[in-house]
Amino acid sequence: MISLIRRWLNAGILEDGALHPNEEGTPQGGSISVLLSDVYLHYVLDLWLERVVKTRLRGEAYLVRYIDDFVLCFQYREDALRVQNALRKRLGKFGLSLEPSKTKLVEFGRFAQTHAPKRGRKRPETIYFLGFTLYCTRNQKGNFKVGMRTEKSRLQRSLAHLRDLMRRMRHLPLPEQVINLNRFLRGHYAYYGIAGNIRALQKVHRFVERYWHKMLSSRSRKGYIPWEIFHRIKARYPLTRPKLRLPYRELQALAVL
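Quick caveat: nothing in here was measured; it's all calculated off a predicted structure. (Residues numbered from 1 in each chain as written. Predicted model: local features only at pLDDT ≥ 70, side-chain atom pairs only at ≥ 80, totals over all residues. Heavy atoms only, no water.)

Engineer: It is not clear to me how helix 2 (residues 31-53) should be interpreted in this structure. Could you clarify?
Structural biologist: Since the α-helix packs 3.6 residues into each turn, any two residues three or four apart lie on the same face. Here helix 2 spans 32 Å end to end across 23 residues, near enough to the 33 Å set by a 1.5 Å rise per residue. Regarding helix 2, the residues found buried are Ile32, Ser33, Ser37, Leu41, Val44, Leu45, Asp46, Trp48, Leu49 and Val53. Where helix 2 is buried, its residues touch helix 1 (2-9), strand 3 (61-66), strand 4 (69-74) and helix 3 (77-93). (Helix = DSSP H or I, 4+ residues; strand = E, 2+ residues; numbered from the N terminus. Expected span 1.5 Å × (residues − 1). Buried < 20%, exposed > 50% of the residue type's maximum accessible area, 1.4 Å probe, protein only. Contact = heavy atoms within 4.5 Å.)

Engineer: What should I look at first to understand the state of the cysteines in this one?
Structural biologist: Tallying each qualifying case throughout the model produces 0 disulfides. Of all cysteine sulfurs, the one in cysteine 136 lies closest to cysteine 73, which takes part in no disulfide; the gap is 11 Å. (Disulfide = S-S within 2.5 Å.)

Engineer: Just to check I follow, could you spell out the sheet that holds strand 7 (residues 144-150) for this structure?
Structural biologist: Across a sheet, strands are paired by hydrogen bonds formed along the backbone, either parallel or antiparallel in direction. Taking strand neighbours across the sheet as the criterion, the 3 strands line up as 5-6-7 in an open arrangement whose pairing is antiparallel. Each end of this open sheet is capped by a strand with a single partner; those strands are strand 5 (127-129) and strand 7. Averaged over all pairs of adjacent strands, the angle between their axes in this sheet comes to 40°, without regard to strand direction. (Pairing = 2+ DSSP bridges. Axes fitted to C-alpha atoms, helices over the stretch in contact; angles between N-to-C directions.)

Engineer: I tried to follow the pairing of strand 3 on my own but got confused; where do I start?
Structural biologist: On a regular strand, each side chain points to the face opposite its neighbour's, so the side chains alternate between the two faces of the sheet. Sheet analysis places strand 3 next to strand 4, joined by 6 bridges and oriented antiparallel. When the bridges of strand 4 are listed, arginine 65 appears paired with phenylalanine 70. Linking two consecutive strands that pair antiparallel, namely strand 3 and strand 4, is a turn of 2 residues; a positive phi of about 55° is found at isoleucine 67 within it.

Engineer: In this structure, what is going on with the environment of lysine 54? I would like to understand it.
Structural biologist: Within the secondary structure, lysine 54 is located in the loop between helix 2 and strand 3. Taking the C-alpha atoms as reference points, lysine 54 and aspartate 79, 25 residues apart in sequence, are found 9.6 Å from one another. Filtering out sequence-adjacent residues up to four positions away, lysine 54 remains in contact with Leu49 and Ala61.

Engineer: Is there a simple way to explain helix 3 in this structure?
Structural biologist: In this model, helix 3 (17 residues) spans 25 Å end to end at C-alpha, consistent with the 24 Å of a helix rising 1.5 Å per residue. Inspection of helix 3 places Asp79, Ala80, Val83, Leu87, Arg90 and Leu91 among the buried residues, and these make up the whole buried set. Buried residues along helix 3 sit against helix 2 and strand 4. Glycine 95, located one to two residues past helix 3, shows a positive phi value of around 75°.

Engineer: Mind showing me how you'd approach the nonpolar core here?
Structural biologist: If you look at soluble globular proteins, the nonpolar side chains tend to sit buried side by side. If you look at the biggest cluster of nonpolar residues, it comprises 31 residues, and the most contacted ones within it are Leu162, Met166, Leu181, Val208 and Trp212. Among the elements of the structure, strand 5, strand 6 (132-138), helix 5 (152-168), helix 6 (174-192), helix 7 (198-217) and helix 8 (227-236) are those that each provide at least two residues to this core. If you tally residues by element for this core, the top one is helix 7, at 8 residues. Residue contacts for valine 208: discarding those within four places in its chain leaves Leu162, Met166, Leu181, Leu185 and Leu239. In terms of nonpolar packing, the next biggest core, distinct from the first, is built from 12 residues, Trp48, Leu49, Val53 and Leu91 among them. (Core = buried A, V, L, I, M, F, W, Y, C linked by side-chain atoms within 4.5 Å.)

This is the structure in structure tokens:
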């Protein structure tokens, strides 16, 4: 494994057809980057928080981390401020730093809505994590819960990718187009199909329908396809409809665990 890591680190970076030497760190998106990030941050962050930080805090603290993206949760604001300062020093000791545009202190939880007007806000701040916007809301019983929806920039990125995909394949046979579109839609639903996010999934599905109709109609100068005919095409080559991969009942079961 160590031999493979050395080879990855010395392999260089291929950019615009040219190979550039890699003198420091791991290449962005490289195969080795995920593994080394997990190994490195397990010691730098995970163990440090568990064995050193938690023993000195007044209240509870939790860490949610995926590779190099993480959220730290604290029961008390003073604990959060203390750890925020200590964290910068800890990361700096190992040649790391926090990304300023992605780092902020947010009041979140059961009492955030009550405290928001005191801080000059109508509603609590939101958190962006792994392509989702996390916000404070309530369930049908009126109890607090964490709401999740697709983050706006990620949604726009997905729509832009779909737009480009449909432009490039508009002259392919219809069966091939549907296979490619459904492959993308299934992957999108599988990741973002979480309880409370069905509207964002439906928005993507409606966009695909409208833009696909536009691309099919642009295949020739006199190629406009009436919506009646387009609906028949969809009936024969159906697009995958939105589906929640993690519905409310499973989400509640995870919360209990």
